[in-house]
Amino acid sequence: MRTVSWYSNGVASAVATKLAIAEGPVTVVNCEVIEEHPDNQRFLKDCEEWFGQEIIVLGNDKYKRSIYEVFEKTRWLAGHGGARCTLELKKRLRQDFELPNDRQVFGYTVEEQGRYDRFIDANNDVDAWPILIEKGLTKSDCLAMVENAGIELPTMYKLGYKNNNCRGCVKAQSPAYWKKIQIDFPEYFDKMLAQEKRLNVKICKATINGVPDVRMQLDDLPEWIEPMDDTVDIQCGIFCHMAEQDYS
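Residues numbered from 1 in each chain as written. Predicted model: local features only at pLDDT ≥ 70, side-chain atom pairs only at ≥ 80, totals over all residues. Heavy atoms only, no water.

**Here we look at the overall build of the chain**
Here's step 1: Along the backbone of the chain there are 11 helices and 9 strands.
Here's step 2: For 248 residues, the compact-globule estimate of 2.2 N^0.38 gives 18 Å, and the C-alpha radius of gyration of the chain, at 18 Å, lies within 12% of that figure.
Here's step 3: Overall, the C-alpha framework of the chain stretches about 50 × 40 × 35 Å when taken along its three principal axes.
Here's step 4: Counting across all 248 residues of the chain, residues that qualify as buried make up 50%.
Here's step 5: Expressed as a percentage of contacts within the chain between residues at least 6 apart in sequence, the contacts between residues at least 24 apart total 67%.
Here's step 6: Summed over its atoms, the accessible surface of the chain is roughly 12,300 Å², and 48% of this surface lies on carbon and sulfur atoms.
Here's step 7: Between the mean site of the 31 positive side-chain charges and the mean site of the 40 negative ones, the chain shows a separation of 6 Å. (Helix = DSSP H or I, 4+ residues; strand = E, 2+ residues; numbered from the N terminus. Rg over C-alpha atoms; globule rule 2.2 N^0.38 Å. Buried < 20%, exposed > 50% of the residue type's maximum accessible area, 1.4 Å probe, protein only. Contact = heavy atoms within 4.5 Å. Areas by Shrake-Rupley, 256 points an atom, 1.4 Å probe, with all protein chains shown as cover. Lys, Arg positive; Asp, Glu negative; His and termini not counted. Charge placed at Lys NZ, Arg CZ, Asp CG, Glu CD.)

Next up, the structure:
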């Protein structure tokens, strides 16, 4: 029986991995996506040193490890079932790697109990270990625990993003999010806009003149919408300090 931790270059998955390692041997695996910020490579190396072991890096070379290769070849961005890039570049790799009796660690924090519940509903054959939820840890706690370990936070967090996703995540439907991407990563904003045009789809939705869920393409974002700032406060609460004792 293996314990496999799915490390995603986010602080939550990093802390989940560190806590799991404190309880026994863990195989740590990352699914590479080239649209993530290049600073993630530095963070991965720092985490390897923190974990005291190598991270196995997988990638779907059928799509050159790129979300845009997925979009072009499948002609699909996202829908009610989620983003096609997540399916092809992460879920399928996990399914190919996992063994029937694996215990699998995921970095769901207590704020994401609903997301975790939906994951279990859709993957009830997976023996999932929500170690952060079990220990009552929030995203703020995880940020603090990484900083307390002397590791520089990934660039996306420092820029004011709540999650360390791609530079322009197709799952994000907020116009405010894409306004910020346009400022921080204009080349990726333009690339996603061109993708929308080629596939004749609309990523964003917002309430316009009282009408909810109005769909729009990226070149139609209302001028009155301000760029988001999803900066998470970094605070180590009581559960954070208790969890740090588990591996210190």
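From this point on, the discussion continues.
**Things to note about the pattern of salt bridges**
Here's step 1: Counting across every chain of the model gives 19 salt bridges.
Here's step 2: Notably, a salt bridge pairs Glu 69 with Lys 73, separated by 3.7 Å at the nearest N-O pair. Of this pair, Glu 69 and Lys 73 are both found in helix α3 (residues 67-74), 4 residues apart, which corresponds to roughly one turn of the helix.
Here's step 3: Take Glu 69: its relative accessible area is 22%, and that puts it in the partly exposed class.
Here's step 4: Residue Lys 73 is classed as partly exposed on the basis of its relative accessible area of 48%.
Here's step 5: Linking Glu 112 and Arg 115 is a salt bridge whose minimum nitrogen-to-oxygen distance equals 2.7 Å.
Here's step 6: Judged by relative accessible area, Arg 115 falls into the partly exposed class, the value being 44%.
Here's step 7: Several salt bridges share partner residues, and in doing so they unite Glu 23, Lys 135 and Asp 246 into one network. (Salt bridge = Lys/Arg side-chain N within 4 Å of Asp/Glu carboxyl O.)

**Some details on the side chain of Asn 123**
Here's step 1: Mapping Asn 123 onto the fold places it in the loop between α5 (113-122) and β7 (127-129).
Here's step 2: Only 3.4 Å separates the side chain of Asn 123 from the side chain of Arg 94, close enough to count as a polar contact. (Polar contact = N/O pair within 3.5 Å; in protein donor to acceptor, adjacent residues only side chain to side chain.)

**A word on helix α2 (residues 39-51)**
Here's step 1: Look at α2: 18 Å from first C-alpha to last across 13 residues, which is about the 18 Å you get at 1.5 Å a residue.
Here's step 2: Those residues of α2 that fall on the buried side of the exposure criterion are Asp 39, Asn 40, Phe 43, Leu 44, Cys 47, Glu 48, Trp 50 and Phe 51.
Here's step 3: Contacts from the buried residues of α2 go to α1 (11-21), β2 (27-31), β3 (56-58), α7 (139-148), α8 (155-158) and α11 (238-247).
Here's step 4: In the segment just after α2, Gly 52 is the residue with positive phi, at about 75 degrees. (Expected span 1.5 Å × (residues − 1).)

**What about the sheet that holds β2?**
Here's step 1: With parallel pairing, the 5 strands of this open sheet are ordered in space as β3-β2-β1-β6-β7. Of all strands in the sheet, those with a lone pairing partner are β3 and β7, marking the two edges. Pairwise comparison of adjacent strand axes, ignoring direction, gives a mean angle of 30 degrees for this sheet.
Here's step 2: As judged from the 3 bridges shared by strand β1 (residues 3-6) and β2, these two strands associate in the parallel manner. The partner of Trp 6 across the bridge, within β2, is Val 29.
Here's step 3: Against the sheet, α1 touches β1, β2, β6 (103-105) and β7, its axis set at about 160 degrees to β1.
Here's step 4: Its contacts with the sheet put helix α4 (residues 84-97) on β1, β2, β3 and β6, and the angle it makes with β2 is roughly 145 degrees. (Pairing = 2+ DSSP bridges. Axes fitted to C-alpha atoms, helices over the stretch in contact; angles between N-to-C directions.)

**Remarks on helix α10 (residues 186-199)**
Here's step 1: With 14 residues, α10 should cover 20 Å at 1.5 Å per step; its first-to-last C-alpha distance of 20 Å lies within 8% of that length.
Here's step 2: Among all positions of α10, only Tyr 188, Phe 189, Met 192, Leu 193, Gln 195, Glu 196 and Leu 199 are buried. One side of α10 holds all its buried residues, which, seen down the axis, span an arc of 155 degrees.
Here's step 3: Tucked inside the fold, the buried residues of α10 contact α3, α9 (175-184) and β9 (211-216).
Here's step 4: Taken from the residues just after α10, Asn 200 is the one with a positive phi, measuring 55 degrees. (Arc of directions from axis to C-beta.)

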